[in-house]
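Descriptive structure summary
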Amino acid sequence: MTKKHILAIDQGTTSSRAILFNDKGEMLQTAQREFKQHFPKPGWVEHNANEIWTSVLAVIAEVFSESDVTPADIAGIGITNQRETTVVWDKNTGKPVYHALVWQSRQTADICRELREEGLNEKFRKKTGLLLDPYFSGTKVKWILDNVDGAREKAENGDLLFGTIDTWLIWKLSGGKAHVTDYTNAARTLMYNIHDLKWDDELLEHLDVPKQMLPEVRSSSEVYAETIDYHFFGENVPIAGVAGDQHAALFGQGCFEEGMVKNTYGTGCFILMNTGEKAVESKNGLLTTLAWGIDGKVEYALEGSIFVAGSAIQWLRDGLQIIEDSPQSEELATRITSSDGVYLVPAFVGLGTPYWDSEARGAMFGLTRGTERSHIARATLESLAYQTKDVMTAMESDSGIELKQLRADGGAVANNFLMQFQSDLLNAPVEIPSVTETTALGAAYLAGLAVGVWDSKDEIAKNWNMDRSFKPNMDGNERDDLYNGWKKAVDATMTFKP
Ligand SMILES: Nc1ncnc2c1ncn2[C@@H]1O[C@H](COP(=O)(O)OP(=O)(O)O)[C@@H](O)[C@H]1O
Ligand SMILES: O=P(O)(O)OC[C@H](O)CO
C-alpha cells in the first residue's frame, strides 16, 4: 500500500504523546505517558532528558501495539514539542550534562536581571521578538555552562550540543546523525534573529554561548533525517515536520490567513495571531515570533503567553482540594450566577503577557463571609478568560486587526462555562474544532506536506471542522464592569511585594 499515515510525536511539559493520523487528518490511535517533574528549588523546574526520550519510545511502541497500522505504513513523522526547554549533551557520549531546564523554570532570573541592567533588553527584543525573561532558552544554556563543572570548556572545544526538545529527539531518533531544529523553535531561544533568520553573533556574545553548540536551523516542513532502524522497528522513516507546540496548534487549527487567532487552554494559555509576512513589533508586551517556515518562505505571529491556566484548575483539585476532578469546576461555577465580586489572579509563577512581572504571586480579592467554594471555582475559571482578554486587547492594538473569532483547543475547552464566559468577555465567537489534538495534527500536517500526503495548505484548511461554538451573550456594561474589576485586581497583585 502507498504510505498514507503520519505519526505525530507531541512532547509536552507533563507528558509525551504519540498519535497516528490518516490522510484525512483523522486521529486513529493515541498513546500518552507522563514523566517526572523535578523541582530542586523553589521556582526551578527540570526534566530528565533521558526520561523524556524513553517516554517517547514507549508511546511510539504503544501506539503501534494498539493499532492495525504498522511502522512500515508510516510516510513520515512530525515532531512538536514543549518550547524553550533546554538540553545540553555531550556529542561523544550522548549523555545530557545536566537535567533539561524547563520553560517554566526561573533559575536564570539573576542572569536576566544583569543583562537588563546592562541595558540590553531592547537589543534582544528588536532582534528576537522576545524579552529578557527566564522563560526563553538563551539564559538557560548560559546557566548550564556556568554551573556544570567543566561544561564551558567542553562547549568551547566543540564537544557539547544544545537543543530544544525537538532537536534532542531528532538527534536520538537519527542515531546522532542530525543536529537540527526548525525556525519556530529557534525563534524561542533569545539567540536567533527572526528578521535575518540567523543565529545572532552579537547576542551569543552577550550570553557567552559558543556558536558551535547550536543546531542547524531548517524549515518546519522538510525531511531532516530518517529514523535509525533500531529505534523504529527496523524502519527508516523520514522525520519530516517540526514545530514548537503552539505554532503547530496554529497550523493544526488552519489559521493560515493574516488575523486568524487560536488559543490553547492547557497548563498555560498560549494565544497566537497569524500576522503573515509582517513581523509586528509589540508595544503592549506581546512576543513576536515565527509562525512557521515552509517552502523557503517564513510567516510571523504575535503571541501572548499565559503561564498559569489549566494548572489553576489542578490547584483547585490538588492544592485547595475543593474539587475532585477538573469537570467539577464547571459544576460548582454554574451553581451560582455570578462570582459576586471575587477575583483570583493566578500569578503562581509571576505574570507573563502583557505584564511580565516575574516577582508577582497569586492573590484573591473580594472575599466576604458569604464566599463559598463555588465562588472560588468560578473566579478561577474566569481568570483564564480575563487573562486571555488582556492578551487579545494587546493583540488588537498591536496588529490593528479586530478579532473575528477565536479558535480554541487544549484540555480546558471541555469546560462549557469557561468557553461561554470567554465569548462574552471578548464579545466574539469562540469555536472548537472536531479534532482538539490540534498540536499533534499541526505536526502531522507539516510532515505530510513534506512527504506528499497533502499537497497544500488550502487542502489542509478544508479539513477543519467545527465541533461547537459559543456566541457572545452579555450586556456591554456588565462586560466592562467585570473587566474593570479584574484590572484592579491585577494592579493590586502587582503592587503587593512582601
Ligand atoms: N473540564 C475542565 N475544566 C477546566 N479545566 C480542565 C478541564 N479538563 C481539563 N482541564 C485542564 O486542562 C489541562 C490539560 O490540558 P492539556 O491540553 O492536556 O494540557 P498540556 O498539554 O499543557 O499538558 C489541565 O491543566 C486541566 O486542569
Ligand atoms: O507543553 P505545553 O502544552 O504546556 O506547552 C508549553 C509551551 O510550549 C511553552 O512555551
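You'll find the structure just up there.
Residues numbered from 1 in each chain as written. Chains lettered and ligands numbered in written order. Predicted model: local features only at pLDDT ≥ 70, side-chain atom pairs only at ≥ 80, totals over all residues. Heavy atoms only, no water.

**Comments concerning the site of ligand 1**
The condition is simple: Here a residue is near a molecule or strand as soon as one of its heavy atoms is found within 4 Å of it. Under this definition, polar contacts are N or O atom pairs within 3.5 Å; protein pairs additionally need one hydrogen-donor-capable and one acceptor-capable atom, and for neighbouring residues in sequence, both atoms have to be side-chain atoms. Here, Shrake-Rupley sampling with a 1.4 Å probe gives the accessible areas, and only protein chains in the shown set may cover a residue.
Not every one of the 16 residues close to ligand 1 is listed here, only the nearest: Thr14, Thr267, Gly310, Gly411 and Asn415. In the environment of ligand 1, an oxygen atom lies 2.9 Å from a nitrogen or oxygen atom belonging to the backbone of Gly411. Ala412 is positioned with one of its backbone polar atoms (N or O) 3.5 Å from an oxygen atom of ligand 1. Contact with the protein chains hides 78% of the accessible area of ligand 1, taken as 590 Å² for the molecule alone.

**Topic: the sheet that holds strand E16 (residues 269-276)**
Paired through their backbone hydrogen bonds, the strands of a sheet run either parallel or antiparallel. Operational definition: Note: two strands are recorded as paired if DSSP finds a minimum of 2 bridges between them. Under the scheme used here, helices are H or I runs from DSSP no shorter than 4 residues and strands are E runs no shorter than 2 residues, and both carry numbers assigned from the N terminus. Axis definition: a line fitted to C-alpha atoms, over the contacting stretch in the case of helices. Angles run 0 to 180 degrees between N-to-C directions. Whether two residues touch is decided by their heavy atoms; if any such pair falls within 4.5 Å, the residues are in contact.
If you walk across this open sheet you meet the seven strands as E17-E18-E16-E15-E21-E22-E23, and the pairing is mixed. Whereas interior strands pair on both sides, the edge strands pair on one side only; in this sheet they are strand E17 (287-294) and strand E23 (466-470). Here the average twist between neighbouring strands, direction ignored, is 30°. As paired elements, E16 and strand E18 (residues 297-306) share seven bridges and run antiparallel to each other. When the bridges of E18 are listed, Phe270 appears paired with Ser305. Of the strands in this sheet, strand E15 (261-265), E16, E17, E18 and strand E21 (406-409) are in contact with helix H9 (residues 245-252), which crosses E17 at around 60°. Sheet contacts for helix H13 (residues 416-426): E15, E21, strand E22 (430-433) and E23; angle to E23, the most-contacted strand, approximately 55°.

**A few points about the site of ligand 2**
For the record, the criterion: Any residue that is not Ala, Val, Leu, Ile, Met, Phe, Trp, Tyr, Cys, Pro, Asp, Glu, Lys or Arg is counted as polar, Gly included; the first ten are nonpolar and the last four charged.
Surveying the vicinity of ligand 2 reveals the residues Gly12, Thr13, Gln82, Arg83, Glu84, Trp103, Tyr135, Asp245, Gln246, Thr267 and Phe270. Glu84 has a polar side-chain atom sitting 2.7 Å from an oxygen atom of ligand 2. Gln246 is positioned such that a nitrogen or oxygen atom in its side chain is 3.5 Å from an oxygen atom of ligand 2. Contact with the protein chains covers 89% of the free accessible surface of ligand 2, which is 310 Å². Tallied by class, the residues present in the shell around ligand 2 amount to three nonpolar, five polar and three charged.

**Considering the packing of helix H12 (residues 373-399) against H13**
A packed helix pair is summarised by two numbers, namely the angle formed by the two axes and the spacing between the axes. Stated formally: By the definition used in this description, the sense in which the near helix is turned from the far one sets the handedness, with an anticlockwise turn below a right angle giving left-handed and a clockwise turn giving right-handed.
Running from N to C, H12 and H13 point in directions that differ by 40°, and their axes come no closer than 9 Å. Considering how the two elements wind past one another, H12 and H13 form a crossing that is right-handed. Packed against H12, whose contacting residues are Arg378, Leu381, Glu382, Leu384, Ala385, Tyr386, Thr388, Lys389 and Met392, the element H13 presents Phe417, Leu418, Phe421, Gln422, Leu425 and Leu426 at the interface. A breakdown of the residues in the contact of H12 with H13 according to their chemical character gives ten nonpolar, two polar and three charged.

**Observations regarding the nonpolar core**
Put simply, the rule reads: In plain words, nonpolar cores are sets of buried Ala, Val, Leu, Ile, Met, Phe, Trp, Tyr and Cys residues tied together by side-chain atoms within 4.5 Å. When accessible area is computed with a 1.4 Å probe and restricted to protein chains, residues below 20% of their type maximum are described as buried, those above 50% as exposed, and intermediate ones as partly exposed.
Residues Val261, Tyr265, Met395, Leu418 and Met419 are the most contacted members of the largest nonpolar core, which totals 52 residues. Per element, the largest residue contribution to this core is ten residues, and it comes from H12. When sequence neighbours within four positions are dropped, the list of residues in contact with Met419 reads Tyr265, Ala408, Ala412, Val413, Val430, Ile432 and Phe470. Counting 48 residues, the second largest nonpolar core, distinct from the first, contains Ala155, Ala186, Leu207 and Val209.

**Re helix H10 (residues 310-319)**
Structurally, the α-helix is built with 3.6 residues per turn, so residues lying three or four positions apart point the same way. All of the buried residues in H10 are Gly310, Ser311, Ala312, Ile313 and Leu316. Here the buried face of H10 lies against helix H11 (327-333) and H12. After H10 finishes, the residue Gln321 shows a positive phi value of roughly 55°.

**Focus: a negative patch on the surface**
Selection criterion: Without a salt bridge and with relative accessible area above 30%, a residue can belong to a patch; like charges are then joined within 9 Å and nonpolar side chains (Val, Leu, Ile, Met, Phe, Trp, Tyr) within 5 Å. The salt bridge criterion pairs a side-chain nitrogen of Lys or Arg with a carboxyl oxygen of Asp or Glu, the two atoms within 4 Å. When charges are tallied, Lys and Arg are placed among the positive residues and Asp and Glu among the negative ones, while His and the ends of the chain are skipped. By convention, the point assigned to a charge is CZ for Arg, NZ for Lys, CD for Glu and CG for Asp.
A cluster of like negative charges, contributed by Asp23, Glu26, Asp455 and Glu459, occupies part of the molecular surface. Inspection of the secondary structure assignment puts Asp455 in the loop between helix H14 (438-451) and helix H15 (457-461).

**Quick notes on the side chain of Thr108**
Mapping Thr108 onto the fold places it in the loop between strand E7 (100-101) and helix H2 (109-117). Here Thr139 takes part through its side chain, which lies 2.9 Å from a polar atom of the side chain of Thr108. Not counting residues within four places of it along the chain, the set of residues in contact with Thr108 comprises Pro134, Thr139, Lys140 and Trp143.

**Overview of the packing of H9 against H14**
Note the threshold: Throughout, the term roughly parallel applies to angles under 35 degrees, roughly antiparallel to angles over 145, roughly perpendicular to angles from 65 to 115, and oblique to all others.
Axis separation between H9 and H14 bottoms out at 7 Å; the angle between their running directions is 75°. Classed by the angle they form, the pair H9 and H14 counts as roughly perpendicular. The segment H9 lies against H14, with Asp245, Ala248, Ala249, Phe251 and Gly252 engaging Thr438, Thr439, Leu441, Gly442, Ala443, Tyr445, Leu446 and Leu449.

**Some points on the side chain of Arg479**
Positionally, Arg479 belongs in helix H16 (residues 476-495). Among buried charged residues, Arg479 stands out as having no salt bridge; its nearest opposite-charge side chain is Asp480, 4.8 Å away. Setting aside its immediate chain neighbours within four residues, Arg479 contacts Asp424, Leu425, Asn427 and Met474.

**Things to note about the pattern of salt bridges**
Taken as a whole, this structure holds 31 salt bridges when the rule is applied. As a salt-bridge pair, Lys457 and Glu299 come within 2.9 Å of each other at their nearest N and O atoms. One end of the pair, Lys457, is in helix H15; the other, Glu299, is in strand E18, and 158 residues separate them in sequence. Here Asp390 and Lys487 are joined by a salt bridge, their closest N and O atoms 3.8 Å apart. Within this pair, whereas Asp390 is found in helix H12, its partner Lys487 is found in helix H16, the two being separated by 97 residues in sequence. Judged by relative accessible area, which is 4%, Asp390 ranks as buried.

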